[in-house]
Amino acid sequence: FKFAGDIRRRNFDIIISLQEKSNFYAWATHYATLLKRTRPTTVGLDHPRTRAHYDHNVPVLEERHEVYKYLDIAALLGCPEERNPVLELTPPPA
């Protein structure tokens, strides 16, 4: 209850769940938005047991890498689509 209550009190504009099969995060999202006057938009990766808890469900293609699932969520939210993401890491100075 504490996690969901913390989300509720912080009054986020949007709640994004990257855990497609997690009933815990689906429930926390549902509780955090329940009966709120100003309700945040909720987005999750589509799964039969969690889809009812989100306003928007992003389809999950079988065998799709997690990075591309997350990019699909970003695209739904209007972010520019980058189909060949590159992660560049720079080590901190010694």
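In case you missed it, the structure is sitting above this.
So, how was this worked out
Each residue is numbered by its place in its chain's sequence as written, counting from 1. Per-residue local features of the predicted model are confined to residues with pLDDT of at least 70, and side-chain atom pairs are confined, for both listing and counting, to 80 or more; whole-chain, interface and lining totals are unaffected and use all residues. Excluding hydrogens and water, the side-chain figures rest on all heavy atoms present in the structure. Burial classes: relative accessible area under 20% of the type maximum marks a residue as buried, over 50% as exposed, and values in between as partly exposed (1.4 Å probe, protein chains only). Segments assigned H or I by DSSP are reported as helices when at least four residues long, segments assigned E as strands when at least two residues long, and all are numbered from the N terminus. Think of the arc as the fan of directions from the helix axis to the C-beta atoms. Here a residue-residue contact requires only that any non-hydrogen atoms of the pair lie within 4.5 Å. Put simply, a salt bridge is a Lys or Arg side-chain nitrogen that is within 4 Å of an Asp or Glu carboxyl oxygen.

(A) Looking closely at helix 3 (residues 66-76). Looking at helix 3, one finds that the buried residues are Lys69, Asp72 and Ile73. The buried residues of helix 3 occupy one face: seen down the axis, they fall within an arc of 100°. Buried-residue contacts for helix 3 involve strand 1 (14-17), strand 2 (41-45) and strand 3 (56-58). Note on helix 3: the residue one or two positions beyond its end, Gly78, has a positive phi of about 95°.

(B) Just unusual backbone geometry, in detail. Notably, Leu35 is not glycine yet its phi reads approximately 60°, a positive angle. Along the chain, Leu35 falls in the loop between helix 2 (23-33) and strand 2.

(C) Summary view of the pattern of salt bridges. Counted by the stated rule, this structure contains seven salt bridges. Two residues, Asp46 and Arg51, come together in a salt bridge whose shortest N-O distance is 2.8 Å. Note on Asp46: relative accessible area 23%, which makes it partly exposed. Take Arg51: its relative accessible area is 37%, and that puts it in the partly exposed class. Between Asp72 and Arg64 there is a salt bridge, with its nearest N and O atoms 3.0 Å apart. Among the residues examined, Asp72 registers a relative accessible area of 17% and is labelled buried. Here Arg64 falls in the partly exposed class, since its relative accessible area comes to 25%.

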